[in-house]
2 protein chains.
Amino acid sequence: MQLRLPTFSTFCMQGLHLTADLNGCQCDGVWLTDAVLLLAHCVQAVQTSGLQAVSQLAHSFPAHGHGPGGVTATVLLAESHLCIHTWPELQAVTVDVYVCNFGADHSAKAHALIDLIVAHFLPQHADRQMLLRGRGELLLN
Amino acid sequence: MQLRLPTFSTFCMQGLHLTADLNGCQCDGVWLTDAVLLLAHCVQAVQTSGLQAVSQLAHSFPAHGHGPGGVTATVLLAESHLCIHTWPELQAVTVDVYVCNFGADHSAKAHALIDLIVAHFLPQHADRQMLLRGRGELLLN
């Protein structure tokens, strides 16, 4: 009898998606409110971790009754993207680092990048998760 | 004896992150290579699903030996973000829809948005995943 082993389709785009949802951020509050400063830090962290920034965008939300507005900062990467959202009124930040592994395995660099970003915010608690992307269609030979 | 029930910290930023990794996309190839067209479609889909776009960015990757380059299109939302990466040489696309649920539950709109985006690419296979974000620190009263 021929053993039929499952294999993954070669047409899937496999990658690694890391998330970190931070509470009680003890960093200077400016990092949660200054989009330009935060974006520059993100680009520097991308470079330090060995990934390649190809474009960048930030948005500042207006102040409201509970204090200053948060920001969103995203860096598009040759390997996929980094995206950060902040909520200064909650001292909360969410971080996404997603790398595709087409051509090379960028997983170690993705871990290095999210570690750099998380450490910068000095969170009291970090909820970190990992998603394997593009698991592909399970095919039987 | 007093029963100590677990409760979640009120300081976490709870949200819903939906991903779809698509293979065998049967749509017109232009949707995987034209950043301006794709971005306009994304903004329209955001509006249709009832979410609020606040900024947008796209990047086109150069052509290479295997054909035209892919694109990245991202729409920053009042509720968090949408991000799409395409690989035309593989007929592959990855989609992220992330909504925070601060102030209101945007989960139904997030599902509507990713359904719209996925349907547009006419994939032969979609690997869809869901991540609950900001699960918070499990505290004992």
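Scroll up a little and you will see the structure.
What counts, and at which threshold
- Residues numbered from 1 in each chain as written.
- Chains lettered and ligands numbered in written order.
- Predicted model: local features only at pLDDT ≥ 70, side-chain atom pairs only at ≥ 80, totals over all residues.
- Heavy atoms only, no water.
- Least-squares fit on C-alpha atoms with pLDDT ≥ 70 in both.
- Contact = heavy atoms within 4.5 Å.
- Helix = DSSP H or I, 4+ residues; strand = E, 2+ residues; numbered from the N terminus.
- Polar contact = N/O pair within 3.5 Å; in protein donor to acceptor, adjacent residues only side chain to side chain.
- Buried area = accessible area lost by both parts, 1.4 Å probe.
- Salt bridge = Lys/Arg side-chain N within 4 Å of Asp/Glu carboxyl O.
- Pairing = 2+ DSSP bridges.
- Axes fitted to C-alpha atoms, helices over the stretch in contact; angles between N-to-C directions.

S.K.: Before we move on, can you summarise the relation of the copies chain B and chain A with the specific residues and values?
M.R.: Expressed as a screw operation, the relation of chain B to chain A combines 0.0 Å of axial shift with a rotation of 180°, fitting to an RMSD of 0.0 Å. Considering both components of the superposition, the chain copies are consistent with a two-fold axis. Ranked by how close their C-alpha atoms come to the rotation axis, the residues of chain B are headed by L57(B), at 3.5 Å. An overlap of 100% is found between the interface residues of chain B and their copies at the interface of chain A, pointing to a shared contact surface.

S.K.: Give me the side chain of T74(B): which residues, what numbers.
M.R.: Checked against the element boundaries, T74(B) lands in strand β4 (residues 71-77). Here the side chain of T74(B) touches L82(B) through a polar contact of 2.9 Å, landing on its backbone oxygen. In contact with T74(B), other than residues within four places in its own chain, are T74(A), L76(A), L39(B), S55(B), Q56(B), L57(B), L82(B) and C83(B).

S.K.: Mind laying out the interface of chain B and chain A, listing which residues take part and the relevant values?
M.R.: Taken together, the contact between chain B and chain A spans 44 residues of the former and 44 residues of the latter. Between chain B and chain A, roughly 3,700 Å² of surface is buried when both sides are summed, and carbon and sulfur atoms account for 61% of that area. Along the contact surface separating chain B from chain A lie 4 salt bridges. Between D96(A) and R133(B) there is a salt bridge, with its nearest N and O atoms 3.1 Å apart. Seen at the junction of chain B and chain A, the total is 16 residue pairs in polar contact (both at pLDDT 80 or more). When contributions to the side of chain B that touches chain A are tallied by element, the ones reaching two or more residues are β2 (15-23), β3 (53-60), β4, β5 (80-87), β6 (92-100) and β7 (125-133) of chain B.

S.K.: Please give an account of the sheet that holds strand β7 (residues 125-133) of chain A that cites residues and values.
M.R.: Residues and elements named next belong to chain A. If you trace the 6 strands from one edge of the open sheet to the other, you get β3-β4-β5-β6-β2-β7, paired in antiparallel fashion. The outermost strands of the open sheet, each flanked by one partner alone, are β3 (53-60) and β7. Within the sheet, the average angular offset between the axes of one strand and its neighbour, ignoring direction, is 10°. Alignment of strand β2 (residues 15-23) against strand β6 (residues 92-100), held across 8 bridges, turns out to be antiparallel. Following the sheet pairing, L16 is matched in β6 by V99. Contacts between helix α1 (residues 35-49) and the sheet are confined to β3, β4 (71-77) and β5 (80-87), with β4 contributing the most and set at about 30° to the helix. Taken strand by strand, helix α2 (residues 107-121) contacts β2, β5, β6 and β7, and its axis lies near 10° from that of β2.

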